[in-house]
Amino acid sequence: MKRSLVGATIVCLIFLPVFLSGPYYTHVFILTMVNIVLAASLRLINLSGQMSLAHGGMMTIGAYTSALLVMKAGLSFWAAMPISGLATALVAYIIGYPFVRLKGIYFSIVTIFFSEVVVLTAQQWQSLTQGAAGIFGIPRPDPVSLFGILHADFSSKVDFYYLALVLMLLCLLILYAVEKSRIGMILRGVQQADSLAESVGIDTTGFKVLAFSVGSFFPGVLGAFYSHYISAINPDAFAFLFTIYILIYMTVGGDGRFLGPILGAAVLTILPEVSRPLKAFEPFVFAAVLIAVIFFVPEGMVGLPKMLKRAKPSSKEGAAHA
Amino acid sequence: MLEIEGLSKFFGGLEAVSSVDMRVNAGEKLGLIGPNGAGKTTFFNLVSGTLKPTKGKVTFEGRDITGRSPHYIAGKGIVRTFQGINIFPDFTVLENVVLSCHLKPGVGLFETVLRTGRSRRKERAILDRSRAILDLVGLDKLADASAQSLAHGHKRILGIAVALAAEPKLLLLDEPLGGMNASEVSETMALIDRLWDQGITILLIEHNMRATMNLCRRIVVLNFGRKIAEGTPDEIKANPDVIRAYLGAGAHAA
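Since we're looking at a predicted model, the values are computed, not measured. (Residues numbered from 1 in each chain as written. Chains lettered and ligands numbered in written order. Predicted model: local features only at pLDDT ≥ 70, side-chain atom pairs only at ≥ 80, totals over all residues.)

Trainee: I'm lost on the overall build of chain A in this one. Help?
Mentor: When helices and strands are counted, chain A shows 15 helices and four strands. A globule of 322 residues ought to have a C-alpha radius of gyration of about 20 Å, and chain A, at 21 Å, matches this closely. Dimensions of chain A, computed from C-alpha atoms along their principal axes, come out at roughly 75 × 50 × 40 Å. The 322 residues of chain A split such that 44% are buried. (Helix = DSSP H or I, 4+ residues; strand = E, 2+ residues; numbered from the N terminus. Rg over C-alpha atoms; globule rule 2.2 N^0.38 Å. Buried ≥ 20, exposed ≤ 12 C-beta atoms within 10 Å, placed from the backbone.)

Trainee: What am I meant to see in the interface of chain B and chain A here?
Mentor: You'll often see interface size given as the accessible area lost when the parts meet. The partner chain A presents 18 residues to the 25 residues of chain B that form the contact. For the side of chain B that touches chain A, the secondary-structure elements that each account for two or more residues are helix 2 (70-76), strand 6 (78-80), helix 3 (93-100), helix 4 (109-114) and helix 6 (152-165) of chain B. Among the elements that line the side of chain B that touches chain A, the one with the most residues is helix 2 of chain B, at four residues. (Contact = placed C-beta atoms within 7 Å.)

Trainee: Explain the confidence of the model for chain B to me, please; I cannot follow it from the model alone.
Mentor: Mean pLDDT over chain B works out to 87, with 95% of the residues at or above the 70 mark. If you check the scores for this complex, the pTM reads 0.88 and the ipTM reads 0.87. (pLDDT = per-residue confidence, 0-100.)

Trainee: What exactly am I supposed to notice about the sheet that holds strand 4 (residues 55-60) of chain B here?
Mentor: The strands that make up a sheet are held in pairs by hydrogen bonds between backbone atoms, and each pair lies either parallel or antiparallel. All names here are of chain B. Taking strand neighbours across the sheet as the criterion, the four strands line up as 2-1-4-5 in an open arrangement whose pairing is antiparallel. The sheet is open, and its two edges are formed by strand 2 (14-24) and strand 5 (63-64), each paired on a single side. In the sheet, strand 1 (residues 2-11) pairs with strand 2 via seven bridges, with the strands oriented antiparallel. Bridging across to strand 2, F10 finds its partner in E15. Along the sheet, helix 1 (residues 40-48) makes contact with strand 1, strand 2 and strand 4, crossing strand 2 at roughly 65°. (Pairing = 2+ DSSP bridges. Axes fitted to C-alpha atoms, helices over the stretch in contact; angles between N-to-C directions.)

Trainee: Would you take a moment to explain the domain arrangement of chain B for this structure?
Mentor: Residue and element names in this part refer to chain B. Its domain assignment divides chain B into domain 1 (2-77 + 168-247) and domain 2 (86-152). Between the C-alpha centres of domain 1 and domain 2 the distance comes to 28 Å. Each side of the interface is counted separately: domain 1 has four residues, and domain 2 has four residues. Classifying every residue of the side of domain 1 that touches domain 2 by side-chain character gives one nonpolar, two polar and one charged. (Domains from an automatic or database assignment. Nonpolar A, V, L, I, M, F, W, Y, C, P; charged D, E, K, R; others polar.)

Trainee: Would you take a moment to explain the sheet that holds strand 10 (residues 226-231) of chain B for this structure?
Mentor: Residues and elements named next belong to chain B. If you walk across this open sheet you meet the six strands as 6-7-8-3-9-10, and the pairing is mixed. Edge positions in the open sheet fall to strand 6 and strand 10, since each of these has one partner strand only. Neighbouring strand axes in the sheet, compared pairwise and without regard to direction, differ in orientation by 20° on average. Examined bridge by bridge, strand 6 and strand 7 (residues 170-174) share three bridges and lie parallel to one another. Looking at the pairing, R80 lines up with L172 of strand 7. Where helix 10 (residues 240-247) meets the sheet, it contacts strand 9 (218-223) and strand 10, and its direction lies at approximately 130° from that of strand 10.

Trainee: Which parts of the structure should I look at to understand the environment of G6 of chain B?
Mentor: Residue and element names in this part refer to chain B. Relative to the assigned elements, G6 resides in strand 1. What makes G6 exposed here is the crowd of 12 C-beta atoms within 10 Å. Sequence separation between G6 and A238 is 232 residues; the distance between their C-alpha atoms is 26 Å. Setting aside residues no more than four positions away along its own chain, G6 makes contact with S19, D21, K55, G56 and K57.

Trainee: Can you walk me through the pairing of strand 8 (residues 201-205) of chain B in this structure?
Mentor: Looking down a regular strand, the side chains alternate between one sheet face and the other. Residue and element names in this part refer to chain B. Counting buried positions along strand 8 yields five of five residues, so the element is predominantly enclosed. Neither face of strand 8 is left uncovered, since the one carrying T201, L203 and I205 and the one carrying I202 and L204 both have all their residues buried. Two strands pair when backbone bridges link them, and strand 3 (residues 29-33) and strand 8 are joined in this way by four bridges, in the parallel orientation. The residue of strand 8 that forms the bridge with L30 is L203. Bridge analysis of strand 7 against strand 8 gives five bridges, and the strand direction is parallel.

Trainee: Explain the packing of helix 2 (residues 23-47) of chain A against helix 12 (residues 259-274) of chain A here, please?
Mentor: Two measures define how a pair of helices packs: the angle their axes make with one another and the distance between the axes. Residues and elements named next belong to chain A. For the pair helix 2 and helix 12, interaxial distance at closest approach is 8 Å and the crossing angle is 150°. One finds that helix 2 runs roughly antiparallel with respect to helix 12. Our pair here, helix 2 against helix 12, has a crossing hand that is right-handed. Residues V28, L31, T32, N35, I36, A39, A40, L42 and R43 of helix 2 form the contact with helix 12, whose own contacting residues are P261, I262, G264, A265, A266, T269, I270 and E273. Its residues assigned to classes, the contact of helix 2 with helix 12 comprises eleven nonpolar, four polar and two charged. (Parallel < 35°, antiparallel > 145°, perpendicular 65-115°, else oblique. Left-handed = near helix turned anticlockwise from the far one by under 90°.)

Trainee: Could you clarify how one ought to interpret the environment of G117 of chain B in this entry?
Mentor: Checked against the element boundaries, G117 of chain B lands in helix 5 (residues 117-137). With 110 residues separating them along the chain, G117 of chain B and L7 of chain B place their C-alpha atoms 47 Å apart.

Trainee: What is the right way to read unusual backbone geometry from this model?
Mentor: It is generally the case that most residues other than glycine have a negative phi and that most peptide bonds are trans. Backbone geometry places S231 of chain A, a non-glycine residue, at a positive phi of 65°. Structurally, the position occupied by S231 of chain A is in the loop between helix 10 (204-230) and strand 4 (232-233). One non-glycine residue, E61 of chain B, lies in the positive phi region at around 50°. Along the chain, E61 of chain B falls in the loop between strand 4 and strand 5.

Have a look at this one:
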């Protein structure tokens, strides 16, 4: 059942561009898929009990790395994108060791500082990054053709839509495989009782760094995708509020299950686009939704069916007593 | 097996553990007793790597392990349990043990992501071993229960099962009988004996004096961070320093 539902969703997504009226809605769905990967990868870090707020910074690193590799080093986008992901993961790995010594909120605070350092570096390192103005005219990905039938030259948003779809499916597949493997189990163990995990021989520091590093690979890749899609990048494109949004997607969707961040990102990205007034007050709406979810559905949107099921029998019981 | 020389830990001016020398021989059951605040748990933390000693040396099977990280020391074969409850509460009983079978039979992590045939065989081996451990400690019928739903005594036993999953050569038990009723105490004592029969060396901290005297052939007594006595249960019972430490009478002056 679960499998066929996933399959049906993928088929729908493949045919969706046919029904989308105009490039604007195609753009919205591309954004949605980017946000889904960001929220799902944030959950991987969260699994180890650490709340990273460096996702925006990591995305910036990926975006600049790819733009510079293509424009200054002459690499193909298809090589630059994975390299950007790996470079971002490497940065996370290096800063991970000192960072994970801090626990709870203190870890989150240094990750915010880190994101700010990334923004400032991009602003000040004029010779490399062109400063606060950012980089413009980032070239489109080189044309590709699959099996000699499907051609994509990325002159239209629909080509980017399919690239985003393939990226999203690949990223979600990797994230799912990692979570269902022994690594995912260890990370959850570390979250529940890290000194106990350490006492049975698990290198808890190493696994926290691993989660941070692997979880930062994805914003790196998506940053690369995004800069070539928009064809521009500036230092504060993915600033603090951007990171907070990812956190909201994850929390509203429910961080306890794999599907949670996916659902949260999809609903909260598409919903404001449907109604203009909602979009104008987006930060307020998001804050209100977040507070409502925390109070009434602590498990997030994925917890709703369970809550409703639990509510039903109790109301029957109530009727019987009456 | 385990040799400790001049082990000390100072918290500011407080000497929590002060130049303790001790030897644990392979295959013995050694008891570590002492009044509250004597430094027993601090001593465990120093041996298992949770705390770094201020001074002194810990040698295990000829290897200097002083100040190494807890997971490294666990990997060398010293595994400790914790005072109070220490389990993975959101996992089932079986998952608690499966997760803790981390050290052997070393599953390559990226193999498990790719789910190669080899990793599946290893996962199955881990599952078999975990079930065997649950059989041994008597939690086999509760394998699929959520760990946090267990009764207190069962949680304590699960804590021991988790430690066993790490394949200890030397098992440090920190008050395994704490908060247990009489029948749980005798079951746990029988379990500790079974583990010892299987060749695991036991170092036991326990407040239950009768249990310690019954279980251990040799006992070390700590008081105010210092070793004040060492010997057979009968010698310890007759030792005037130990009696003074437990009964108070001018112990500070002594």
